[in-house]
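Observations on the three-dimensional arrangement
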Amino acid sequence: MKKYLPLLYVLALLNSFALPKDIYQSIRVYQPTPDIIATIGGLGIPLDHVSGKQGIFLDLVVTKDQTVELISRGIELDVLINDLTLYYKSRNRPAISRDFPLGSMQGNYTWDELNDRFDELQSLYPNIISERVVIGQSVEGRDIWAFKVSDNPNDDEDEPEVLYTALTHSREPLGMMNLIYFVQLLAEEHGSDSELEYLINNREMWFLPVVNPDGYVYNELIEPEGGGMHRKNRLNTNCGNGSNRGVDLNRNYGYGWGLNDTGSSPNPCSATYRGESEFSEPETQAVRDFIINRQFNNVFHYHSYSNVYIHPWGNGSFPEEPDSSTMAEIGEEMARYNGYPVGTGLSTIGYTVNGDAVDWTYGDQDIISYVPEVGSTSQGFWPPESDVNQLCLDQVHPNKIFAFVAGSDIIMHSYEMSEEDIIPGETLELEIIIQNRGLSNSEEDINVNIEALNNFVSLNVDSYTMSEMDARDSDYLLISIEVMNEAPLGSTSGLIVGIECESSFSRLDTIEFVIGQRQMIFFEGFENGLVDWSLDGDWGLTDDAANGEFALSDSPEGEYQEGQESIAELDRFIDLNYLSNPVVKFKAKWEIESNWDFIRFQAYVNNIGWVSLKGRYTEFGSGNIAQPIGEPGYDGMQFDWVNEIILLDQLNGADILGFRFIQTSDNFVEGDGFTFDDLSISGFPTGTMGDYNLDTLVDVYDLLAIADVLIFGGEPSPSQLFFCDLDGSGVLDIMDLVAISNVILGIQQ
């Protein structure tokens, strides 16, 4: 039986040989002075996907011809990847599991596969997914279409509207893929997921998956399996039929169009060519008219790559307040799990732009907007197929939050207790901040219901009503909590806080606390030297201390070294088996090259190894050589001492055998390093401190038992050692006898 290849595939295969293909390279430019950067921008080389070290080097994506041109101008550079398309193909790995159907271009859909996948979803879920709404045609006459996801998808309801766009640049398919992933999740899970159900019933979520269909189809024609590097639309700009042809649609919007020749280019053959005039292109006209004719509160313009959320302005300046704080706070919540930095293009990546969609959406239409740049620098424009599913999953929380904030979104913002230790028989005050995180007014009262978690505490109020709350506004309530005399030490109690408002998703939050007095079982202020530490590299004492005379630094004599790994490991074993809610605290300050060098605080977990721990001030690793991607650690500049807190419960009760700080650096740029002081480990004892006999009492019989051990050389059990080693020396000694005597006499608690 003869087998025939589909005609479209044959044509694509023939076109892949017949159509001109520019070779794109990854290069490193050294000593990038402002003049050199201006030269690079003047040549039309995009600066929106650069990485590097300020004043040391820039990593760029350029054509082979542009590499030759830069060399001819005497610019020092290295070619890191000779052919990016071949590189993307060579490192591709197939996905193992496919709960989410992937496409044939390294996991990304072709144009036809996207249309087929949409038809499939729409036919399966017509009650929540609208039919295509054609909003315009491309240069080559292809439909530019959008669709709505909502409970009445074909009706225009009075509900907050949000827009997600993708594939403005045709070599950035991850934006489109993550939107289809999100739509599939909304469709399949809204019946069992209360958040998704709320969004379906109370939002109009619009999706524009491909702004630039011609450019995307062209990439499919030249590279049917993925890896095409064409960026612009396909307008004939008299630059041949290759990737020099066309207009950069993200330089063609009206706000700030043509402001300078660095953020966009007047050269029709440049990758950042801005077009003959603002909105000269049918693709940007279609997006403009669609946004103007609807009532969007916020817009996502998806791109890739760099793992950042970029907000206005394209020139690097920040919006005026309160919008600047609004964009930062919403961005930080979107980045809660993926760790993306939030800011302007200049502050996050180091580039400026003009005539882009985000500036127009915000500056002209007064709509909160962002550019999510999905994927790391190492993943690039065409990540391996095996990475696509996770990259889509990483955007689910941001996409949900972005839909929630399109309307009124009432949340428990924060809370503060009047006392750190919760003691039986005492009364404390709790302040709770309630915020409308959304971009719309609530218009209805907000009911806050408060319930004790158990009978260990009593509350003075069980409900509270707040009047309607404007967008981004907040209010507070005060609650008195009486801790019952019979509440067991070390037990957990707290409150359940329910928030209800007709115009917001109803939320339940739990505030938990442990009853008792936190016990410090280890303290290191470095005033007695380094007897409990094992050091390598340059770690040593410094007189730049938070308290006392000394602290520990990775580079006490100056800047840390390049290309090194150094460790400061705590030699003493700290038994955490008899503590609940253990916490590590220390004071720290640092100067560490951002995104490149790193300090991590780690715990050694039995049967697993060293695990990096998250604290108040940690950032997620960038994936560069000295920053393992996704691991928490410290970088950037923190010149003043801060009080860091590491909650060990993040390890879910794992057996912890040790702690250490590990410093890693790459080449070229160093800093003053990392210094910490006053490290403590504390928690709530599961028994009574000083109780050697483990009968819940501290009395003279415990003193006698310890004296027997000291005189006759007995060996305490691990629990006896833990509860009676009050001076934290690791052994029972005369100082512990003194401390326990003070407890019995009421001198010390």
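Just so you know, these numbers come straight off a predicted model, no measurement behind them.

The side chains of a regular strand alternate, first on one face of the sheet and then on the other. Extensive coverage of strand S12 (residues 368–373) is indicated by the burial of six of its six residues. Residue alternation in S12 divides its side chains into two sets, Ile368, Tyr370 and Pro372 and Ser369, Val371 and Glu373, and both sets are buried. Here strand S9 (residues 296–301) pairs with S12 via three bridges, running parallel. Along S12, the bridge assignment pairs Phe300 with Tyr370.

The strand order across the open sheet formed by four strands is S2-S3-S1-S4, and the pairing between neighbours is antiparallel. At either end of the open sheet lies a strand with only one pairing partner, and these are strand S2 (51–53) and strand S4 (77–81). Going from strand to strand, the sheet's axes swing by 30 degrees on average, the running direction of each strand aside.

Turning our attention to the pairing of strand S25 (residues 565–570). As paired elements, strand S22 (residues 533–535) and S25 share three bridges and run antiparallel to each other. Residue pairing across strands places Trp533 opposite Leu570, the latter belonging to S25.

Turning our eyes to something else, we now look at helix H9 (residues 282–292). Turning to H9, its buried residues number three or more, namely Glu283, Thr284, Ala286, Val287, Phe290 and Ile291. Mapping the buried residues of H9 onto a view down its axis gives an arc of 155 degrees, with all of them on the same face.

The subject of this paragraph is the pattern of salt bridges. In a structure, side chains of opposite charge can pair up when their charged atoms sit close to one another. Using the criterion set out here, one finds 29 salt bridges in the structure. Close ionic contact of Arg142 with Asp214 constitutes a salt bridge, the shortest N to O distance being 2.9 Å. Of this pair, Arg142 sits in the loop between strand S5 (133–137) and strand S6 (143–149) while Asp214 is found in helix H8 (residues 213–222), placing the two residues 72 residues apart along the sequence. We note a salt bridge from Arg251 to Asp248, for which the minimum N-O separation is 3.8 Å.

Bringing empty space enclosed by the protein into the picture now. In total, this model carries three cavities of 30 Å³ or more according to the counting rule given. As for the largest cavity, its lining consists of 20 residues, and the residues nearest its centre are Ile310, Tyr351, Val353, Asp356 and Val371. Looking at the lining of the largest cavity, the elements that each hand over two or more residues are helix H12 (357–363) and S12. Tallied by class, residues from the lining of the largest cavity come to seven nonpolar, eight polar and five charged.

Next up on the list: the packing of aromatic side chains. Applying the stated criterion across every chain yields a total of 53 aromatic pairs. Between the aromatic rings of Phe118 and Phe147, the centroid separation amounts to 4.7 Å while the plane-to-plane angle is 45 degrees, which identifies the pairing as tilted. With Phe118 in helix H5 (residues 111–124) and Phe147 in strand S6, the pair connects residues that are 29 residues apart, well separated along the chain. Residue classification places Phe118 among the buried residues on the basis of a relative accessible area of 4%. Considering the side-chain rings of Phe661 and Phe676, the 4.1 Å spacing of their centres and the 25 degrees angle between planes classify their relative orientation as stacked. Taken together, the residues span a long stretch of sequence, with Phe661 in strand S32 (residues 656–664) and Phe676 in strand S33 (residues 673–685) at a distance of 15 residues.

What follows is about a nonpolar patch on the surface. Taken together, the side chains of Phe573, Tyr604 and Leu657 present a nonpolar region at the surface, about 280 Å² in accessible area. Of note, Phe573 is situated in the loop between S25 and strand S26 (579–592).

Right, let's talk about the side chain of Asp699 for a bit. Relative to the elements of secondary structure, Asp699 occurs in the loop between S33 and helix H15 (700–712). Looking at Asp699, its side chain comes within polar contact range of the main-chain nitrogen of Tyr701, at 3.1 Å.

The peptide bond linking Ser304 to Tyr305 adopts the cis configuration, its omega dihedral lying at 20 degrees. When you line up the elements, Tyr305 lands in the loop between S9 and strand S10 (308–310). Cis geometry marks the peptide bond from Glu321 to Pro322; its omega dihedral reads 5 degrees. With phi around 65 degrees, Phe526 is a residue other than glycine that occupies positive phi space.

Further remarks concern the packing of H5 against helix H6 (residues 174–189). Packed helices, taken two at a time, are described by the angle their axes make and the gap between the axes. At a minimum axis separation of 11 Å, H5 and H6 run at an interaxial angle of 10 degrees. Looking at the two axes, H5 sits roughly parallel to H6. Our pair here, H5 against H6, has a crossing hand that is left-handed. In contact with Leu114, Arg117 and Leu121 of H5, H6 contributes Met176, Ile180, Val183 and Gln184. The class makeup of the residues in the contact of H5 with H6 is five nonpolar, one polar and one charged.

Rules of the game
Residue indices begin from 1 for each chain and proceed along its sequence in written order. With the structure being a predicted model, the display of local features is reserved for residues of pLDDT at least 70 and the display and counting of side-chain atom pairs for 80 or more, all residues being used for whole-chain, interface and lining totals. Working from all heavy atoms in the structure, the side-chain values ignore hydrogens and water. Only protein chains enter the calculation, and the probe is 1.4 Å; a residue is then buried if its accessible area is under 20% of its type maximum, exposed if over 50%, and partly exposed in between. A helix here means a DSSP run of H or I that spans at least four residues, while a strand means a run of E at least two residues long, and both kinds are numbered starting from the N terminus. Only strands joined by at least two bridges in the DSSP assignment are considered to pair. For every element, the axis is a line fit to its C-alpha atoms; helices are fit only across the contacting stretch, and the angle between N-to-C directions ranges from 0 to 180 degrees. When we speak of the arc, we mean the arc of directions from the helix axis to the C-beta atoms. Salt bridges are defined as contacts in which a side-chain nitrogen from Lys or Arg sits within 4 Å of a carboxyl oxygen from Asp or Glu. Using a 1 Å grid laid over the protein atoms alone, points where a 1.4 Å probe fits but cannot get out form a cavity; open sets with protein on both sides within 12 Å along at least 5 of 7 lines form a pocket; any residue with an atom within 4 Å of a point counts as lining. Grid points are joined across faces, edges and corners, and a volume is the space filled by probe spheres set on the points. Residues are grouped as follows: nonpolar covers Ala, Val, Leu, Ile, Met, Phe, Trp, Tyr, Cys and Pro; charged covers Asp, Glu, Lys and Arg; every other residue, Gly included, is treated as polar. When the centres of two rings from Phe, Tyr and Trp lie within 6.5 Å, Trp using its six-membered ring, the rings pair. Their planes under 30 degrees apart give stacked, over 60 give edge-to-face, and anything left gives tilted. Patches were defined on residues exceeding 30% relative accessible area and lacking a salt bridge, with like-charge contacts within 9 Å and nonpolar side-chain contacts (Val, Leu, Ile, Met, Phe, Trp, Tyr) within 5 Å. We get accessible surface area from the Shrake-Rupley algorithm with a probe of 1.4 Å; when it comes to residues, only the shown protein chains can shield them. Counting of polar contacts relies on pairs of N or O atoms within 3.5 Å, with two restrictions inside protein: one atom must be capable of donating a hydrogen and the other of accepting it, and residues adjacent in sequence are counted only when both atoms are side-chain atoms. Every angle not falling under 35 degrees, over 145, or within 65 to 115 is termed oblique; those three ranges are roughly parallel, roughly antiparallel and roughly perpendicular. Note on convention: near helix rotated counterclockwise from far helix by under a right angle means a left-handed crossing. Clockwise means right-handed. Contacts are assigned to residue pairs that have any heavy atoms within 4.5 Å of one another.

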